[in-house]
Amino acid sequence: MAGSREQFGSKLGFILAAAGSAVGIGNLVGFPVGAAKNGGGAFLIMYAIFVAFICLPVMIAEMTVGRASQKDPLGALTNLSGHNRGWRMAGWLSIITPFMIAVFYLVITVWIFGYLFESSIGNLDELAQPETFGNFITSSNLFIYMAGVVAIIYAILRGGVKEGIEKAAKILMPALFIMLIILVVFVLTRENAFAGVRYYLIPDISKIDAGVVNGALAQAFFSLSLGMGIMITYGSYIDTRANLPSSAKLVALTDTAVAFAAGLMILPAIFSFNPEVNPDELSESSISMIFSYLPQIFLELQNSIGYFGASAVASFFFLLVFFAAITSIVSIFEVPVAALMSEKGMERKKALLLCVSLLIVFSAFCALSFGFVEFFTNFVSYAGADRSFFDLVYDVFYDTILPLNGLLICLFVIYRWKKHNFNEELDRGAPEFKNSLFERYVNFSLGTFIPGILLLIFVNTVALKYFGVALIG
Ligand code: PFF
């Protein structure tokens, strides 16, 4: 290994970096619309319970495994399992999964970067045209934007943990919080905004069925960046004095607060800027919301604050989403980079160059999946439908393997690494946690119902995605 292990410089730096990973596109757009359409306040309460009682223990488990091993996920599962072959394979899965998620997430980040650029040079009217998104994702300009985004990711990760990831998080996250607050205040002070708040928050229990429960849990799990090896890797960059349970709680709270606040921006904006809206027709897909729907909503603003004002608000929004996306993609991309460094003894620069080159190739395949190249556009067929290369990567790694990775980490901590080792590591830096009710809850839940639920989600996803059979909801 090259030199001693890098570390975050402060507790705040670690929390901001982990929160930066957790706060992503899902928080800003997917969560608000999903919540509004699936029971409002009732969905919010259910989501908060899932975060606190199911996702938080998994986050604590991942951070603890990272800190105990001081390794990337592959090294961590290999070492702590006593070089068991099966667990080493699970370790590999924790390296390949984040890399492949980075592959498709980069494409979405590139689109956001493109929309940020276009809206800031005065092309909002064009972005609001129905055919623009389709043309945009098949234009070769995309590769110029991709070069820009990759350069930013490279520059941050090249700086390492303290000078790169932590520094970027310390700038981008406070900026993101401030921008979000400004946009929420701006939107809430518009006429008709409270119709959106009502639509967002009024509880409607009748909308909650098994499918919604499943969706809320999946959303909470993804939103906290679990099952991606990220919290293991970031956990390996903190020292034994850090209080892991309290850090994890803060990260979960920040992520949930941002998702909640985003709802106070998106829904009132839709209702206020465009009062004729039919809420039931809102798409739950974050992608179509960001790129097809919201530009039209922003353009409506020109009636009250002029075209320049509307463009400024749109640019501000895309900058906010871009910051959220960059801190997420940096965190996920650090996982394979860290693995190459510690498993193959590579220097950071070399590991980064190798990963970036592979990222560009695979992301280009994804970017070419939208009609550019027939081979990638109709790449495979399952459950009776043709799927593109982008769809395949999304279905396999984001939808299917994440819950499996979560399941494996629970089983690993409790049954392979063993409770007493886990608790001993956890209590370092958090003596008040020892033998507490919360510690007992974390132990019990990780060994019983959390893996049970994750197994159910995994089986359901496989049945639905690849065989077209809905087991739940
Ligand atoms: N927590 C992120 C989100 O809610 O968007 C999930 C994520 C996705 C993290 C992709 C990192 C990433 F590269």
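Refer to the structure above for everything that follows.
I will try to describe carefully the structure that is included in this document. (Residues numbered from 1 in each chain as written. Predicted model: local features only at pLDDT ≥ 70, side-chain atom pairs only at ≥ 80, totals over all residues. Heavy atoms only, no water.)

Secondary structure assignment for the chain yields 20 helices and 2 strands. In summary, the chain has a C-alpha radius of gyration of 22 Å against a globular reference of 23 Å for 473 residues, a match within 12%. The buried share of the chain, taken over its 473 residues, is 58%. In the chain, the share of contacts with a sequence separation of at least 24, taken over all contacts with a separation of at least 6, comes to 81%. Across the chain, the 28 positively charged side chains and the 32 negatively charged ones have centroids separated by 14 Å. (Helix = DSSP H or I, 4+ residues; strand = E, 2+ residues; numbered from the N terminus. Rg over C-alpha atoms; globule rule 2.2 N^0.38 Å. Buried < 20%, exposed > 50% of the residue type's maximum accessible area, 1.4 Å probe, protein only. Contact = heavy atoms within 4.5 Å. Lys, Arg positive; Asp, Glu negative; His and termini not counted. Charge placed at Lys NZ, Arg CZ, Asp CG, Glu CD.)

In the region of the ligand, 15 residues are neighbours, and Ala22, Phe222, Ser223, Ser225 and Ile332 sit closest. Note that a nitrogen atom of the ligand is positioned 3.4 Å from one of the backbone N or O atoms of Ser21. In the environment of the ligand, an oxygen atom lies 3.4 Å from a nitrogen or oxygen atom belonging to the backbone of Ile25. For the ligand, whose accessible area on its own is 340 Å², the fraction buried by protein is 99%. Mapping the ligand onto the cavity grids shows that it belongs to the largest pocket. Of all the secondary-structure elements, those providing two or more residues to the shell around the ligand are α1 (11–22), α2 (25–37), α5 (85–120), α11 (210–223) and α15 (302–344). (Near = heavy atom within 4 Å. Polar contact = N/O pair within 3.5 Å; in protein donor to acceptor, adjacent residues only side chain to side chain. Areas by Shrake-Rupley, 256 points an atom, 1.4 Å probe, with all protein chains shown as cover. 1 Å grid on protein atoms, 1.4 Å probe; cavity = no way out; pocket = protein on both sides within 12 Å on 5 of 7 lines; lining within 4 Å. Sits in = over half its atoms within 2 Å of the grid points.)

Our next topic: the packing of α1 against helix α13 (residues 244–273). Contact geometry for α1 and α13: axes closest at 9 Å, N-to-C directions at 40°. The pairing of α1 with α13 is recorded here as oblique in orientation. α13 is crossed by α1, and the crossing has right-handed handedness. In this structure, α1 uses Lys11, Phe14, Ile15, Ala18, Ala19 and Ala22 to contact α13, whose residues at the interface are Ser246, Ser247, Leu250, Val251, Thr254 and Asp255. Partitioning the contact of α1 with α13 into residue classes produces 7 nonpolar, 3 polar and 2 charged. (Axes fitted to C-alpha atoms, helices over the stretch in contact; angles between N-to-C directions. Parallel < 35°, antiparallel > 145°, perpendicular 65-115°, else oblique. Left-handed = near helix turned anticlockwise from the far one by under 90°. Nonpolar A, V, L, I, M, F, W, Y, C, P; charged D, E, K, R; others polar.)

This part is about the pattern of salt bridges. For side chains bearing opposite charge, pairing can occur when the charged atoms are close. Throughout the structure, instances matching the rule amount to 11 salt bridges. Measuring nitrogen to oxygen at the nearest pair gives 2.9 Å for the salt bridge that ties Asp399 to Lys465. One end of the pair, Asp399, is in helix α18 (residues 389–427); the other, Lys465, is in helix α20 (residues 449–467), and 66 residues separate them in sequence. Judged by relative accessible area, Lys465 falls into the partly exposed class, the value being 22%. Of the charged contacts in the structure, one is a salt bridge between Glu425 and Arg428, with a shortest N-O distance of 3.6 Å. Where salt bridges share partners, they join Arg387, Asp395, Asp399 and Lys465 into one cluster. (Salt bridge = Lys/Arg side-chain N within 4 Å of Asp/Glu carboxyl O.)

Our focus in this paragraph is helix α3 (residues 41–69). Over its 29 residues, α3 extends 41 Å from the first C-alpha to the last, a length consistent with the 42 Å expected when each residue adds 1.5 Å. By the largest-angle criterion, Cys55 marks the main kink of α3, which is about 45°, and a proline, Pro57, follows within four residues. Counting buried positions along α3 yields 23 of 29 residues, so the element is predominantly enclosed. At the C-terminal side of α3, Gln70 shows a positive phi close to 55°. (Expected span 1.5 Å × (residues − 1). Bend = angle between axes of the 7 residues up to and from the residue.)

Once that is clear, we can look at empty space enclosed by the protein. To find leftover empty space, a probe the size of one water molecule is rolled over the atoms. Here the structure, examined in full by the defined rule, presents 4 cavities of 30 Å³ or more. The volume enclosed by the largest cavity comes to roughly 80 Å³. The wall of the largest cavity is formed by 13 residues, among which Leu77, Ser94, Ile232, Asn405 and Ile409 lie closest to the centre. For the lining of the largest cavity, the secondary structure elements donating two or more residues are α5 and α18. Here the lining of the largest cavity takes 4 residues from α18, the largest share from any one element. Empty space within the second largest cavity amounts to approximately 60 Å³. The wall of the second largest cavity is formed by Leu183, Phe186, Val187, Met265, Ile266, Ala269, Phe273, Leu294, Phe298, Val313 and Phe317. (Points joined across faces, edges and corners; volume = space filled by probe spheres on them.)

Our focus in this paragraph is the environment of Leu368. Within the secondary structure, Leu368 sits in the loop between α16 (348–367) and α17 (374–377). For the pair Leu368 and Ser139, spaced 229 residues apart in sequence, the C-alpha to C-alpha distance is 9.7 Å. Discounting chain neighbours no more than four positions away, the residues touching Leu368 are Phe143, Val373, Phe376 and Thr377.

Before going further, it helps to examine unusual backbone geometry. Located in the positive-phi region is Asn192, a residue other than glycine, with phi close to 70°. Looking at the element boundaries, Asn192 is found in the loop between α9 (160–188) and α10 (193–201). Phi is positive for Lys418, close to 85°, though the residue is something other than glycine. Along the polypeptide, Lys418 turns up in helix α18. Looking at Lys418, the relative accessible area reads 40%, which means it is partly exposed.

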